[in-house]
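# Summary of the model geometry
What follows is the residue order along each chain.
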Amino acid sequence: MIPSPHRISGTAFSGLATGGGGAQAVAELCAAQESKHRLLVRLLVAEARRHPHADLVARAYEALSALESVSPEEVARILRYSAVGAWALRTCRGEADPGRLAAVALAAAVRARRACRLEAPVAGSLMLPSVGLLTLPAGLPEVAQVSVDPVPCGAELRVGGRTYLVDLSEDRPGWQVLHRATVARDAFLTIDDLDPYRWPGEDADGRLTDERRRRWTSCLREAWKVLLDRHRTVKGELMAAVSVLTPVVTRSIEQRSASARETFGAIALSDPLDGMGMALTLTHELQHAKLNALSQVVELVRPDDGRRYYAPWRPDARPLFGLLHGAYAHAGVAGFWRRHVDEPEYGPQAQVEFARWREAAYQATGTILDSGGLTEGGTYFVGTLRDTLDRWRAEPVTPTAAAQARLRSEHHRQSWIRANT
């Protein structure tokens, strides 16, 4: 349970600055995030010495450490899990119960198929991060003894004198599993629609119906085919960085998506419309995730001085770091459409989108560089990204596509001026 220093190599930093980076660079970001989660867990254990659950937390930490000695990959996987990181951060802020560490250890035992006995807080349910939710009967004490014993389909959990089957592939009486959407033999994403720490916003959606989940899986598999065919670097980065999809609600007919700094590894999105759209959404949010992780290792911008800037993709004025996020994400969007400009089905749309977003991101990087708000590393990062976009600006699109892109950009700017002046 020892964290490693937060570092990123010069090679990875330079690659990420181009707008891409590749799976190896993203793996370095993931390693830094895991190290951060480990530090947070160590801190919350130390701080819990003054908490009513102090002994419980200490025993959970000991159990997790013992599990790591025999199943290091499973412990590392659960410590990287987005909801675990979010809970650990909020606990260190004094906003959550450190006793949930027992559930983390129990979940690791289930995943590792190891026996485990721990006291855990139970209040009508027991959430096992990355695994699922166990609903418990009324009348149990606030803290109960929980035992895990491995079985072929997962584990048997004994709580309050009752035994429950924790199946890793399907729901059982009293048990709701976190379903996995398998997209290839070596790739799957967990659909987390249960964990209370799965998403920091108030727009988290509830449990997906079977029909909706099948729709998500179908669109995800279609998206994976698009990525495999045209975006292998993006696919590799996604496999390294993203392990969770979190449903959120939307009032729009268009798909909505988001990423959050505290839930690295998770992408939140509303019901997908089709595979192509989902591939674009994953590409877009991957960029935000990469920048969120990188900015926790390398300082890119100076402290916010209150200035706000025009962003060609937002209805509101943005702080400098927000503008950088948008520029990096929309460089990814431009790069996505760049790979489809020659396709019969998507070519006309792709040319317009490529022309619009390469120019929008290029102009935004100019604003960012001129702001004086970047660090030395940030100046290199944004300058390198701008060089990528400048090369793309030299690539031809049809006159019709160029005209449509300019028209849409001007319409956005005029609408923004009316709304913000």
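Residues numbered from 1 in each chain as written. Predicted model: local features only at pLDDT ≥ 70, side-chain atom pairs only at ≥ 80, totals over all residues. Heavy atoms only, no water.

### Digging into the overall build of the chain
What counts is decided by this rule: For helices the rule is a DSSP run of H or I covering at least 4 residues; for strands it is a run of E covering at least 2, with both sets numbered from the N terminus onward. Atoms counted for the radius of gyration: C-alpha only. Globule rule: 2.2 Å times residue count to the power 0.38. What makes two residues a contact is simply this: any of their non-hydrogen atoms within 4.5 Å. Here the open area of atoms and residues is found with the Shrake-Rupley method and a 1.4 Å probe, where only the protein chains shown may cover a residue. A positive count includes Lys and Arg, and a negative count includes Asp and Glu. His and the chain ends are not counted in either. Here the site of a charge means NZ on Lys, CZ on Arg, CG on Asp, or CD on Glu.
Secondary structure assignment for the chain yields 13 helices and 12 strands. Taken over C-alpha atoms, the radius of gyration comes to 23 Å for the chain, in line with the 22 Å a tight globule of 421 residues would show. In the chain, the proportion of contacts linking residues at least 24 apart, taken out of those at least 6 apart, comes to 67%. Looking at the chain as shown, the accessible area adds up to about 19,000 Å², and 50% of this sits on carbon and sulfur atoms. The centroid of the 52 positive side-chain charges in the chain is displaced by 1 Å from the centroid of its 49 negative side-chain charges.

### Remarks on the layout of surface pockets
In plain terms, the rule: Throughout, the protein atoms alone are placed on a 1 Å grid, and a set of points is a cavity if a 1.4 Å probe fits but cannot get out or a pocket if it is open with protein on both sides within 12 Å along at least five of seven lines; lining residues have an atom within 4 Å of a point. Grid points are joined across faces, edges and corners, and a volume is the space filled by probe spheres set on the points. Under the grouping applied here, Gly and all other residues not named as nonpolar or charged are polar, the nonpolar ones being Ala, Val, Leu, Ile, Met, Phe, Trp, Tyr, Cys and Pro and the charged ones Asp, Glu, Lys and Arg.
Reported here for the largest pocket is a volume of approximately 1,400 Å³. Together, 34 residues line the largest pocket, and Gln255, Ser257, His284, Glu285 and His330 are the ones closest to its centre. Take the lining of the largest pocket: its biggest share by element is 8 residues, from helix 9 (residues 275-294). Of the residues in the lining of the largest pocket, the class split is 11 nonpolar, 15 polar and 8 charged. Surrounding the second largest pocket, 26 residues form its lining, Arg77, Arg80, Met239, Val242 and Ser243 being those nearest its centre. Sorting the residues of the lining of the second largest pocket by element identifies helix 2 (22-47), helix 4 (72-80), strand 8 (180-184), strand 9 (187-191) and helix 8 (232-241) as the ones contributing at least two each. Residue composition of the lining of the second largest pocket, by class: 14 nonpolar, 6 polar and 6 charged.

### A short note on the sheet that holds strand 9
Hydrogen bonds between backbone atoms are what pair the strands of a sheet, whose relative direction is either parallel or antiparallel. Inclusion rule: Pairs of strands are assigned from DSSP output, requiring at least two bridges between the strands.
Spatial strand order, 8-9-10-12-11: 5 strands in an open sheet with mixed pairing. The open sheet terminates on both sides in strands that have one partner only, identified here as strand 8 and strand 11 (257-258). Pairing of strand 10 (residues 244-247) with strand 12 (residues 266-269), which is carried by 4 bridges, proceeds in the parallel orientation. Note that in strand 12 the partner of proline 247 across the bridge is leucine 269.

### Observations concerning the nonpolar core
How we decide: Nonpolar core, defined: a set of buried Ala, Val, Leu, Ile, Met, Phe, Trp, Tyr and Cys residues in which side-chain atoms within 4.5 Å join the residues together. Each residue is placed in one exposure class: buried if its accessible area under a 1.4 Å probe, protein chains only, is under 20% of its type's maximum, exposed if it is over 50%, and partly exposed if it falls in between.
Counting 75 residues, the largest nonpolar core has Leu245, Leu294, Leu300 and Phe381 as its most contacted members. Residues in contact with leucine 294, not counting those within four places in the same chain, are Ile8, Phe13, Leu16, Leu29, Leu300 and Phe381. Formed by 58 residues, the second largest nonpolar core is a distinct cluster that contains Ala83, Val84, Val110 and Leu118.

### Observations regarding the packing of aromatic side chains
The condition that has to hold: In this scheme Phe, Tyr and Trp rings, the latter by its six-membered ring, pair at centre separations within 6.5 Å, and the angle between planes marks the pair as stacked below 30 degrees, edge-to-face above 60, and tilted otherwise.
This model, assessed by the stated rule, comprises 6 aromatic pairs. A ring pair is formed by phenylalanine 13 and phenylalanine 381, whose centres lie 5.8 Å apart and whose planes are at 35 degrees; its orientation type is tilted. In this pair, phenylalanine 13 is assigned in helix 1 (residues 10-17) and phenylalanine 381 in helix 12 (residues 376-393), connecting sequence segments 368 residues apart. Since its relative accessible area comes to 12%, phenylalanine 13 is described here as buried. Ring plane angle 40 degrees and centroid distance 5.4 Å describe the contact between tyrosine 328 and phenylalanine 381, whose orientation is recorded as tilted. Of the two residues, tyrosine 328 is situated in helix 10 (residues 320-338) and phenylalanine 381 in helix 12; the sequence distance between them amounts to 53 residues.

### Quick notes on the environment of proline 196
Tracing the sequence through the fold places proline 196 in the loop between strand 9 and helix 7 (210-230). In sequence terms proline 196 and proline 129 are 67 residues apart; their C-alpha atoms lie 9.5 Å from each other. Aside from chain neighbours lying at most four places away, what touches proline 196 is Arg100 and Met127.

### Considerations on helix 9
Heads up, the condition is: The length a helix should cover is 1.5 Å for every residue beyond the first. Within 3.5 Å is the distance limit for a polar contact, defined as a pair of N or O atoms, with the added protein rule that one can donate a hydrogen and the other accept it, and that residues adjacent in sequence qualify only through two side-chain atoms.
End to end, helix 9 covers 28 Å across 20 residues, agreeing with the expected 28 Å (1.5 Å per residue, within 8%). For helix 9, the tally of buried residues reaches 18 of 20 residues, placing the bulk of the element in the interior. Its side-chain oxygen placed 3.3 Å from the backbone nitrogen of methionine 276, aspartate 274 serves as the N-cap of helix 9.

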